[in-house]
Protein chains: 2
Amino acid sequence: MESNYRMKVQYDGTRYNGWQKQGDTDNTIQNKLETILSRMVNSPVDVHGAGRTDAGVHAKGQIAQFRLDTTMQPSEIMDYLNSYLPDDIGVTELTVAAPRFHSRYNASEKYYLYRIGTNKAAHVFDRKYVYEYRGGPLDIGAMKLATLQLIGTHDFRSFCGNPRMNKSTVRTIRTIRITETDDGIDIGFVGDGFLQYMIRIMVGTLIEVGEGRRDPETMNILLEARSRRLAGPTAPAKGLTLMEVRYS
Amino acid sequence: MESNYRMKVQYDGTRYNGWQKQGDTDNTIQNKLETILSRMVNSPVDVHGAGRTDAGVHAKGQIAQFRLDTTMQPSEIMDYLNSYLPDDIGVTELTVAAPRFHSRYNASEKYYLYRIGTNKAAHVFDRKYVYEYRGGPLDIGAMKLATLQLIGTHDFRSFCGNPRMNKSTVRTIRTIRITETDDGIDIGFVGDGFLQYMIRIMVGTLIEVGEGRRDPETMNILLEARSRRLAGPTAPAKGLTLMEVRYS
């Protein structure tokens, strides 16, 4: 009998073309997982991730789901996966889920963390997970002010990296938390979902605010304009990590 | 006028042949630092590290020292170094030291941490800094018992990786602390100094104790034998990090 499985996956996205499969032999996290599971049961397996992280983006708490017919225990499936996965991908939890559980449709919130470093020497051991910013001090107060206009339910088309996006670009951001760390700035985003590159374009825009090159009070105008051209640059993928997917 | 400088250096040792220079163009941490400083003042500079870490070993708190004649401020020297160093080496502190301060001769204690992982999937982000052990559960109690005979002042020739060592192999280990972590075992060593490979041979020997293949009460006999052949294998370099150098 087929069961529905839920797993937590973490990965260093540095050398992958993102989560989402783009062909049969491509270099994505989804493809790595599907290949191993399909070999295990000797038939095709589809793996669905909650967040379709872009190329170079990392995850500590991606949630993925798949259906299989096997007599293996969940812990055996997890061990099988981990024994064949490369050491930059790891499955840390695997359980039987409710029959109708879907990792993406049922997700109520996602928490992403973007790490900006301002002292390269301090990030020797996590240098692949921090965007090292070289442009001098950033005005954190102004950046925090700007986030106030971004929180809430808005049309985020100005922050959408896909110019051919023909579905709704309305999303709800619950919180944006900016924290000064010893050697940089962490920006945490919690929302019901995020458009392609949306967080990285917000970070690029917030950096311009922090540099004093953009008025923090203009985020409303930017949202209303619904134009990607008016927002800031897309911050590098390496600073972004999917930390947690929440289900209500 | 020449001043004496002290700096704290951290590095990911993965792609280096250790701290110590072995020629003029070799791939060592010491050589990287000396090359940049020598170019800065346009004359040769010698950099002395407190701990001569082996190839592949990491450091979060290496202390190094050098003498220079310059009008640059210490913070400018540090910025200069960090702007030319690769991103897997970083100088996190740099100050003027007492004229007679020597990073190695004056060091009273060194603290090294060896990390053993027992769950590869949990170490995706620090996989280069943890030795992933695949041999099943280890008896931590037996390992702790074995450390009791290693602590103190002993001739550690059985744990010396250099067969041609013709100086004293007597060292004092102040503490060995074994801690179970969520996904492995951390072993912290504090001592006045360590012979070549000494910590890694102790770890390899303690793992054999944990596996039940060696009696924890035989460490005294092993020390008295003064024979490298009787100790366990040298554990991999990647698990070892020089955490701190202390001066009294």
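Residues numbered from 1 in each chain as written. Chains lettered and ligands numbered in written order. Predicted model: local features only at pLDDT ≥ 70, side-chain atom pairs only at ≥ 80, totals over all residues. Heavy atoms only, no water.

Applying the stated criterion across every chain, the model contains 16 aromatic pairs over all chains. A centroid spacing of 5.1 Å and a plane angle of 80 degrees characterise the contact between A:Phe125 and B:Tyr129, whose relative ring orientation is edge-to-face. Here the residue A:Phe125 occupies a position in the loop between strand S5 (107–117) and strand S6 (131–132), and B:Tyr129 occupies one in the loop between strand S5 (107–117) and strand S6 (131–132), the pair thus bridging two chains. No difference in accessibility class separates A:Phe125 from B:Tyr129, as the two residues are buried. On the numbers, 5.6 Å between centres and 85 degrees between planes, the contact of B:Tyr112 with B:Phe194 is edge-to-face. Pair noted here: B:Tyr112 is in strand S5 and B:Phe194 is in the loop between strand S9 (184–191) and helix H4 (198–210), with a separation of 82 residues, a long-range link. By relative accessible area, which is 8% here, B:Tyr112 ends up buried. Look at B:Phe194 and you get buried, because its relative accessible area is 17%. For the cation-ring pair, A:Arg39 lies above A:Tyr84, with the distance from its terminal atom to the ring centre recorded as 4.6 Å. (Phe/Tyr/Trp six-rings, centres within 6.5 Å; stacked < 30°, edge-to-face > 60°. Helix = DSSP H or I, 4+ residues; strand = E, 2+ residues; numbered from the N terminus. Buried < 20%, exposed > 50% of the residue type's maximum accessible area, 1.4 Å probe, protein only. Lys NZ or Arg CZ within 6 Å of the ring centre and 35° of its normal.)

This paragraph deals with the interface of chain B and chain A. Reports of interface size often rely on the accessible area that becomes lost once the parts have come together. With 24 residues of chain B at the contact, the number on the chain A side is 24 residues. Roughly 1,900 Å² is buried in total at the junction of chain B and chain A, and carbon and sulfur atoms are behind 56% of that figure. When the buried area of chain B at its contact with chain A is split by residue, B:Lys120, B:Phe125 and B:Arg127 rank highest and sum to 36% of it. At the boundary of chain B and chain A, one finds 4 salt bridges. For A:Asp12, the salt bridge identified is with B:Arg127, shortest N-O distance 3.1 Å. At the boundary of chain B with chain A, the tally comes to 12 residue pairs in polar contact (both at pLDDT 80 or more). Elements supplying a minimum of two residues to the side of chain B that touches chain A: strand S1 (2–11), strand S3 (58–69) and strand S4 (89–96) of chain B. Examining the composition of the side of chain B that touches chain A, we find that 4 residues originate from one element, S4(B), more than from any other. The residue inventory of the side of chain B that touches chain A, partitioned by class, reads 11 nonpolar, 6 polar and 7 charged. (Contact = heavy atoms within 4.5 Å. Buried area = accessible area lost by both parts, 1.4 Å probe. Salt bridge = Lys/Arg side-chain N within 4 Å of Asp/Glu carboxyl O. Polar contact = N/O pair within 3.5 Å; in protein donor to acceptor, adjacent residues only side chain to side chain. Nonpolar A, V, L, I, M, F, W, Y, C, P; charged D, E, K, R; others polar.)

Moving on to the packing of helix H1 (residues 29–41) of chain A against helix H2 (residues 74–84) of chain A. Residues and elements named next belong to chain A. Where H1 meets H2, the closest approach of the two axes is 10 Å, and the angle between their N-to-C directions is 125 degrees. The angle between H1 and H2 places the two elements in the oblique class. Seen along the crossing, H1 lies across H2 with a hand that is right-handed. Where H1 approaches H2, its residues Leu33, Ile36, Leu37, Arg39 and Met40 are matched on the opposing element by Ile77, Tyr80, Leu81 and Tyr84. The residue makeup of the contact of H1 with H2, split by class, is 8 nonpolar, no polar and 1 charged. (Axes fitted to C-alpha atoms, helices over the stretch in contact; angles between N-to-C directions. Parallel < 35°, antiparallel > 145°, perpendicular 65-115°, else oblique. Left-handed = near helix turned anticlockwise from the far one by under 90°.)

Glancing now at H2(A). Residue and element names in this part refer to chain A. Turning to H2, its buried residues number three or more, namely Ile77, Leu81 and Asn82. An end-on view of H2 places all buried positions within 130 degrees of arc, on one side of the element. Of the surrounding elements, those touching the buried residues of H2 are strand S1 (2–11), H1, strand S3 (58–69) and strand S4 (89–96). (Arc of directions from axis to C-beta.)

In this section: the relation of the copies chain B and chain A. Each copy of the sequence occupies a distinct position, and chain B is placed on chain A by a rotation of 180 degrees and an axial shift of 0.0 Å, giving an RMSD of 0.0 Å. What the superposition gives is, in effect, a two-fold axis relating one chain to the other. It is B:Asp126 whose C-alpha, among those of chain B, lies nearest the rotation axis, at 4.2 Å. Of all interface residues in chain B, 100% are interface residues in chain A too; the two copies therefore contact each other through one and the same surface. (Least-squares fit on C-alpha atoms with pLDDT ≥ 70 in both.)

Time to look at the pairing of S3(A). Residues and elements named next belong to chain A. Of all 12 residues making up S3, 9 are buried, and the element is well covered by its neighbours. Alignment of strand S2 (residues 47–49) against S3, held across 3 bridges, turns out to be antiparallel. Bridge pairing in S3 places His48 opposite Gln65. Relative to strand S10 (residues 240–247), S3 runs parallel, the two being bridged by 2 bridges. Counterpart to Ala59 in the pairing with S10 is Leu242. (Pairing = 2+ DSSP bridges.)

Within the structure shown, the criterion is met by 30 salt bridges over all chains. In this structure, A:Arg200 and A:Asp54 form a salt bridge, with 4.0 Å as the shortest nitrogen-oxygen distance. One end of the pair, A:Arg200, is in helix H4 (residues 198–210); the other, A:Asp54, is in the loop between S2 and S3, with 146 residues separating them in the sequence. Of the two residues examined, A:Arg200 and A:Asp54, each falls in the buried class. Between B:Glu34 and B:Lys21 there is a salt bridge, with its nearest N and O atoms 2.8 Å apart. Separated by 13 residues along the polypeptide, B:Glu34 in helix H1 (residues 29–41) and B:Lys21 in the loop between S1 and H1 bring together distant segments of the chain. By relative accessible area, B:Glu34 is classed as buried at 7%.

This next bit is on the domain arrangement of chain A. Residue and element names in this part refer to chain A. Annotation of chain A at the domain level lists domain 1 (2–96) and domain 2 (107–247). Just the C-alpha atoms count here: the centres of domain 1 and domain 2 sit 27 Å apart. When domain 1 packs against domain 2, the two sides together hide about 1,200 Å² of surface, and 59% of this comes from carbon and sulfur. Three residues, Asp54, Val57 and His58, lead the burial of domain 1 against domain 2; their summed loss comes to 37% of the area buried on that side. Taken together, the connections running from domain 1 to domain 2 amount to 1 salt bridge. Looking at the side of domain 1 that touches domain 2 element by element, the count peaks at 6 residues for S3. Among the residues making up the side of domain 1 that touches domain 2, the classes are represented as 5 nonpolar, 7 polar and 4 charged. (Domains from an automatic or database assignment.)

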